[in-house]
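# Architecture at a glance
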Amino acid sequence: MDNFKFTKSLLSTFLLVLILATSCTKNITMSRLMPAEISVPTYVQRLLIVDRTAPQSEGFSIIEGILTGEAPFEVKNAIESTIATVQQELNTSPRFEVIRARERLKGGLFAQTFPTPLTWRQIEELCEAYNADAVLSLEKFSSDFIITEKKQLIKKTEGEGRNTRQVEVQGIYAEGIASVKVGFRLYDPQNRNITDQQDFEKTNLWSAEAETKTQALALMIDKVKATQYVGQLAGASYARRIAPMYLNINRNLFQKPKDNLALAMGTRMAEVNEWEDAIDTWEAGLNDTNDPKTAARICYNIAVGYEVLGDLEAAKSWAGRAYTAYGFKQGRAYAQELSTRIMQEERLRQQLEKEY
């Protein structure tokens, strides 16, 4: 019961959106917290983010920038976007209080491998200066942006008004691929342990076409913005690794056959967020039908209702009943998914526990 109360309280922030999906069903989108990929010790509550990508040598970084075609400000802007996204994403989670360090430490700019770890004395001094429990450090960063082009037929609009028409002309199709490789370390000074060390590589593609190469490139995303964008992707991915994050999940509600008034009425109640009344209505309707297909759909709807209310055990029971009593295969799949959710909720509860 305590776990149920915890889950129900935690999931009271559900965002419920009902969208018409088909003539038979309505789609529900629920926002819920997903556990992090890894569990950080619960005594880590205040997390310090450090930028450790200052070049070891300014001369070396200039040479590297020339070789890779990256200006120093481009890399710095991309690094800032990466770290800012980590901080923003972590702030959407209830897991940590996040602080950003003012200093920038020397580390792995343009590096392909992690630099030597920070000493525990450095980590302890940082934690003491910022009253933090652990340090999350961006320790290496490299980026690239490649543009390719090829000749091909493209569509062009000619004429005006009623005389407008599309024709094919010889043109240029250009693609730009931006990529970043970043590396994070999470230092735990209490146990003097590197809790996590992880590489992330993110890429994204943009395209443009025009009659000339110059026109196509003018339509292409700016290199600086492209690198910043993939840096943000990398930052968001790492935040999800160490902190529970909200995720949208979708469920279907059955509203037909309409000759069972309780089925349709309960769904309308769910549309206005009256889930307890909807469940009561569906349960009453279950006693008034002799049609196995309708009964299975009612059981399935009841399961969705209990999931929305945060009672996953009841939801699993009703989803299982849709299959065991009426042979509804969607009920079996739903029950299996709810079993996974129950395990995830327990992991989430453990990750959100606080030590005093």
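Residues numbered from 1 in each chain as written. Predicted model: local features only at pLDDT ≥ 70, side-chain atom pairs only at ≥ 80, totals over all residues. Heavy atoms only, no water.

Once that is clear, we can look at the overall build of the protein. Tallying secondary structure elements over the protein gives 11 helices and nine strands in all. Taking all 356 residues of the protein together, 49% fall into the buried category. When contacts within the protein are restricted to residue pairs at least 6 apart in sequence, long-range pairs at least 24 apart make up 75% of them. Accessible area for the protein stands at about 18400 Å²; split by element, carbon and sulfur atoms hold 49% of it. (Helix = DSSP H or I, 4+ residues; strand = E, 2+ residues; numbered from the N terminus. Buried < 20%, exposed > 50% of the residue type's maximum accessible area, 1.4 Å probe, protein only. Contact = heavy atoms within 4.5 Å. Areas by Shrake-Rupley, 256 points an atom, 1.4 Å probe, with all protein chains shown as cover.)

Residue-level pLDDT values for the protein average 87, and 88% of them are 70 or greater. Across residues 1-22, where pLDDT falls below 50, the model places 47 contacts with residues more than four positions away in sequence or in other chains. Contacts for the low-pLDDT stretch residues 63-68, under 50 throughout, to residues beyond four places or in other chains number five contacts. (pLDDT = per-residue confidence, 0-100.)

Between K256 and P257 the backbone carries a cis peptide bond, its omega angle lying at 10°. Structurally, P257 is set in the loop between β9 (245-254) and α7 (261-271). In this model, N131 sits at a positive phi of 55°, which is unusual for a non-glycine residue. By the secondary structure assignment, N131 is in the loop between α4 (120-130) and β6 (134-158). Classification of N131 by relative accessible area gives exposed; the value is 56%. Positive phi is not limited to glycine here, since N273 has a value of about 70°.

With their axes 8 Å apart at the nearest point, helix α9 (residues 292-309) and helix α10 (residues 312-324) run at an angle of 165° to one another. Classified by the angle between their axes, α9 and α10 sit roughly antiparallel to one another. In this structure, α9 crosses over α10, and the sense of that crossing is left-handed. On α10, the residues touching A296, C299, Y300, I302, A303, Y306 and E307 of α9 are L312, A314, A315, W318, A319, R321 and A322. Taken together, the residues of the contact of α9 with α10 sort by class into 12 nonpolar, no polar and two charged. (Axes fitted to C-alpha atoms, helices over the stretch in contact; angles between N-to-C directions. Parallel < 35°, antiparallel > 145°, perpendicular 65-115°, else oblique. Left-handed = near helix turned anticlockwise from the far one by under 90°. Nonpolar A, V, L, I, M, F, W, Y, C, P; charged D, E, K, R; others polar.)

Bringing the packing of α7 against helix α8 (residues 275-286) into the picture now. Between α7 and α8, the shortest axis-to-axis distance is 8 Å and the interhelical angle comes to 175°. Compared by their axis directions, α7 and α8 come out roughly antiparallel. Along its contact with α7, which presents A262, L263, M265, G266, T267, M269 and A270, the element α8 presents W275, D277, A278, T281, W282 and G285. The class makeup of the residues in the contact of α7 with α8 is eight nonpolar, four polar and one charged.

Another point: the side chain of R251. Residue placement: R251 occurs in strand β9. A distance of 3.0 Å separates a polar atom in the side chain of R251 from a polar atom in the side chain of E337. For R251, the residues in contact, after removing those within four places along its chain, are K26, N27, I28, M30, V304, E307, Y334, E337 and R341. (Polar contact = N/O pair within 3.5 Å; in protein donor to acceptor, adjacent residues only side chain to side chain.)

Before going further, it helps to spend a moment on a negative patch on the surface. Together, E274, E276, D277 and D280 make up a region of like negative charge exposed at the surface. Mapped onto the elements of the fold, D277 is located in helix α8. (Patch = residues over 30% accessible without salt bridge, like charges linked within 9 Å, V, L, I, M, F, W, Y side chains within 5 Å. Salt bridge = Lys/Arg side-chain N within 4 Å of Asp/Glu carboxyl O. Lys, Arg positive; Asp, Glu negative; His and termini not counted. Charge placed at Lys NZ, Arg CZ, Asp CG, Glu CD.)

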